[in-house]
Amino acid sequence: MFVFNEKYVSKKEGHYYSCPWIEHGLVFFQYKLTMCCYCGHEGGGHTLIRDNFVGQKIDWDKIFKVKDMFRRFHKKGKINKSCVGCPFLKEAKWDGEHYIDNLYLSHWTNCNSKCIYCYATKNPQEFKVDKLYNVLPYVKDMYEKGILRPGGIISFGGGEPTLLDEFEDLVTYFLDNYFWGLRVHTSGVKYSPALARAINEIRGYVVVSVDSGSRETFKKIKQIDCYDKVRDTIRKYALQTTFLGRYLVSAKFIIIPGVNDTIEEIENWMSANYDAGLYTTVLDIEENWYLANKDNIPPHIFDLIKYAQKRSKELNTNFELYERLQNLMLNEKNSVTLKK
Ligand code: SF4
Ligand code: SF4
């Protein structure tokens with residue numbers, strides 16, 4: 001379970017390799033509790049705390065015993081297998097205390113969208129489950145015992161979070177108890193008043209994945225006819241923002257080659273965002289296509305990204321590329337420099 005690697009032996013007094021999730025993180029998945037939700041590296045992540053978890057009583061001391069065990073091994077340069085190669089591992093003087101401040105809630109999967117690129121859409125049998133358990137009782141228990149502290153990140157995932165019966169209550173509980181750093185990726189099909197409050201109070205960050213600049217393209221990608229509804233949700237969230245909060249709402253565009261990879265689509269998407277009062281431009285690219293084509297990306301994909309960057313500058317919006325596109329642009333820059 002733990003493997004020794006010389007590169008993870010810290011030479012600095014009191015330091016060792018760990019991450020904010022091993023130290024103070026907890027993830028509620030459908031059937032398990034883990035340290036984190038990351039999985040894109042060699043070891044595979046989703047570092048397990050407890051398997052077969054479907055809402056049983058949690059002994060918090062046991063959770064912290066697992067974390068202490070990780071700390072002991074990591075201090076000797078023995079890294080949990082699932083963490084090997086993870087970019088979040090870093091050498092630091094960790095506080096070693098027993099509390100949670102990073103939470104990821106992904107305990108139920110269902111969605112009101114059917115994105116053509118989504119794993120859940122392609123494998124509906126794995127995601128069609130009845131609601132198994134509520135997280136709010138655990139959140140309250142942790143908070144009342146002083147285990148859960150504000151200061152970290154509270155993210156929601158696992159399909160469409162706003163469909164959770166307890167979503168409004170969860171967000172309201174966090175806000176009423178002075179938490180901040182709430183992050184929600186949503187389809188935007190359902191408007192959430194609690195989320196609107198989180199934005200209004202500059203304590204929530206919302207990303208709505210639109211992926212299109214027209215109703216027709218939206219329908220092709222999402223396989224539902226809700227473009228206007230989603231645009232309306234975005235407008236309502238944006239209305240909550242003041243100058244300071246105006247970057248807290250974004251409408252993301254995932255480039256899907258062959259489906260929405262045109263300048264016209266990008267331009268319409270950006271104009272609609274700007275008209276709705278958004279000050280962000282967030283781009284990504286479809287993962288499976290990217291993995292299959294990353295060594296041979298067609299030039300027009302670079303042109304699209306550069307066009308969005310140029311327009312973002314003109315509109316004075318914050319320009320953000322997700323990790324895959326950042327790497328792509330970096331590689332392009334490097335190859336141009338090498339050719340020179
Ligand atoms: S996989 Fe990465 S983020 Fe997850 S617990 Fe291990 S080091 Fe931390
Ligand atoms: S909104 Fe998210 S979870 Fe829902 S179908 Fe699209 S990618 Fe999948």
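The preceding data block contains the structure.
Just so it is clear, the model here is predicted, and its values are computed rather than measured. Within each chain, residues carry numbers counting from 1 in the order of the written sequence. Starting at A for chains and at 1 for ligands, labels are handed out in the order in which the entities are written. With the structure being a predicted model, the display of local features is reserved for residues of pLDDT at least 70 and the display and counting of side-chain atom pairs for 80 or more, all residues being used for whole-chain, interface and lining totals.

Trainee: Just checking my understanding: could you explain the overall build of the protein chain for this structure?
Mentor: Helix and strand definitions here come from DSSP, where helices need a minimum of 4 consecutive H or I residues and strands a minimum of 2 consecutive E residues; each element is numbered from the N-terminal end. If you tally the helices and strands in the protein chain, you get 13 helices and 14 strands. Against the 2.2 N^0.38 benchmark of 20 Å for 340 residues, the protein chain shows a C-alpha radius of gyration of 21 Å, consistent with a compact globule. Once the C-alpha set of the protein chain is aligned to its principal axes, its extents read approximately 55 × 55 × 45 Å. Whether a residue is buried, exposed or partly exposed follows from its count of other C-beta atoms within 10 Å of its own C-beta, namely 20 or more, 12 or fewer, or something in between, respectively; the C-beta atoms are built from the backbone. Sorting the 340 residues of the protein chain into buried and exposed places 35% on the buried side. Note on method: radius of gyration uses C-alpha positions; expected globular size equals 2.2 Å times residues raised to 0.38.

Trainee: What am I meant to see in the sheet that holds strand 9 (residues 154–156) here?
Mentor: A strand pair is defined by DSSP finding two or more bridges across the two strands. Sheet architecture is open: ten strands sit in the order 5-4-3-8-9-10-11-12-13-14, paired in mixed fashion. For this open sheet the edge positions go to strand 5 (48–50) and strand 14 (318–321), each flanked by a neighbour on one side alone. Here strand 3 (residues 25–29) runs beside strand 4 (residues 33–34); their pairing, made up of two bridges, is antiparallel. Note on strand 4: the bridge partner recorded for Phe28 is Leu33. Helix 7 (residues 193–200) rests against strand 10 (182–186), strand 11 (204–209) and strand 12 (249–255) of the sheet, and its axis sits at about 125 degrees to strand 11. The contact criterion used is a C-beta to C-beta distance within 7 Å, with each C-beta placed from the backbone. Only the stretch in contact is used when a helix axis is fitted, and all axes are lines through C-alpha atoms; the angle between N-to-C directions ranges over 0 to 180 degrees.

Trainee: Sorry, what's going on with the environment of Asp295 here?
Mentor: Considering the arrangement of structural elements, one finds Asp295 in the loop between helix 11 (287–293) and helix 12 (299–315). Accessibility expressed as a C-beta count within 10 Å gives 6 for Asp295, which makes it exposed.

Trainee: How should I be thinking about the site of ligand 1 in this particular structure?
Mentor: Not every one of the 13 residues close to ligand 1 is listed here, only the nearest: Cys19, Cys36, Gly45, Cys83 and Cys86. Residues are sorted three ways: Asp, Glu, Lys and Arg are charged, Ala, Val, Leu, Ile, Met, Phe, Trp, Tyr, Cys and Pro are nonpolar, and all the rest, Gly among them, are polar. Taken together, the residues of the shell around ligand 1 sort by class into ten nonpolar, three polar and no charged. Being near a molecule or strand means, for a residue, that its C-beta atom, positioned from the backbone, comes within 6 Å of it.

Trainee: I'm lost on the packing of helix 10 (residues 263–275) against helix 12 in this one. Help?
Mentor: Describing two packed helices takes the angle between their axes plus the distance from one axis to the other. Direction vectors running N to C along helix 10 and helix 12 enclose 25 degrees, while the axes themselves pass 10 Å from each other. Taken together, helix 10 and helix 12 sit at an angle that is classed as roughly parallel. Between helix 10 and helix 12 lies a crossing of right-handed hand. Contact with helix 10, carried on its side by Ile263, Ile266, Glu267, Met270 and Tyr274, involves Leu304, Tyr307, Ala308, Arg311 and Leu315 of helix 12 and no other residues of that element. In this scheme, roughly parallel covers angles under 35 degrees and roughly antiparallel covers those over 145, while 65 to 115 is roughly perpendicular and the rest are oblique. Here a crossing is called left-handed whenever its near helix is offset anticlockwise from the far helix by less than a right angle, and right-handed whenever the offset is clockwise.

Trainee: Before we go on, may I ask you to explain the packing of helix 6 (residues 167–176) against helix 7 in this structure?
Mentor: Relative orientation of the contacting elements helix 6 and helix 7 amounts to 25 degrees, with a least axis distance of 8 Å. Comparing their axes, helix 7 and helix 6 come out roughly parallel. Handedness of the crossing formed by helix 6 with helix 7: left-handed. Residue-level contacts link Glu168, Val171, Thr172 and Leu175 of helix 6 to Pro193, Ala194, Leu195, Arg197 and Ala198 of helix 7. Of the residues assigned to the contact of helix 6 with helix 7, the class counts are six nonpolar, one polar and two charged.

Trainee: Help me out: how do you make sense of the pairing of strand 10 in this one?
Mentor: Across the two faces of strand 10 the burial differs, with Leu182, Val184 and Thr186 buried and Arg183 and His185 not buried at all. In terms of strand pairing, strand 9 meets strand 10 through three bridges, oriented parallel. Paired with Ser155 across the bridge in strand 10 is Arg183. Considered for its hand, the β-α-β crossover made up of strand 9, helix 6 and strand 10 is right-handed. With five bridges joining them, strand 10 and strand 11 adopt parallel strand pairing. For Val184, the partnering residue across the bridge sits in strand 11 and is Val206. Seen with the strands pointing away from the viewer, any crossover whose path from the first strand over the helix to the second strand runs clockwise is right-handed.

Trainee: Can you help me understand the pairing of strand 12 in this one?
Mentor: Regular strands place their side chains on alternate faces of the sheet. Summarising burial for strand 12: six of the seven residues are buried, a large majority. In the sheet, strand 11 pairs with strand 12 via four bridges, with the strands oriented parallel. Residue Val207 lies in a different strand from strand 12, and its bridge partner there is Ser250. For strand 12 and strand 13 (residues 280–285), the ladder comprises four bridges, and the chain directions are parallel. For Lys252, the partnering residue across the bridge sits in strand 13 and is Val282. Considered for its hand, the β-α-β crossover made up of strand 12, helix 10 and strand 13 is right-handed.

Trainee: Just to check I follow, could you spell out unusual backbone geometry for this structure?
Mentor: Among all residues except glycine, the phi angle is most often negative; among peptide bonds, the trans geometry is most common. Backbone geometry places Tyr178, a non-glycine residue, at a positive phi of 70 degrees. Within the element layout of this structure, Tyr178 appears in the loop between helix 6 and strand 10. Tyr178 sits in the exposed class, given 8 other C-beta atoms within 10 Å. Backbone geometry places Asp211, a non-glycine residue, at a positive phi of 60 degrees. Residue placement: Asp211 occurs in the loop between strand 11 and helix 8 (215–222).

Trainee: Explain the environment of Ser187 to me, please; I cannot follow it from the model alone.
Mentor: On the secondary structure map, Ser187 appears in the loop between strand 10 and helix 7. When the 24 C-beta atoms within 10 Å are taken as the criterion, Ser187 is described as buried. Along the primary structure Ser187 and Val210 are separated by 23 residues, whereas in three dimensions their C-alpha atoms are 7.6 Å apart. Those residues in contact with Ser187 that lie beyond four places of it in its chain are Cys111, Asn112, Ser113, Glu160 and Ser209.

Keep in mind these numbers describe shape, not what the thing actually does.
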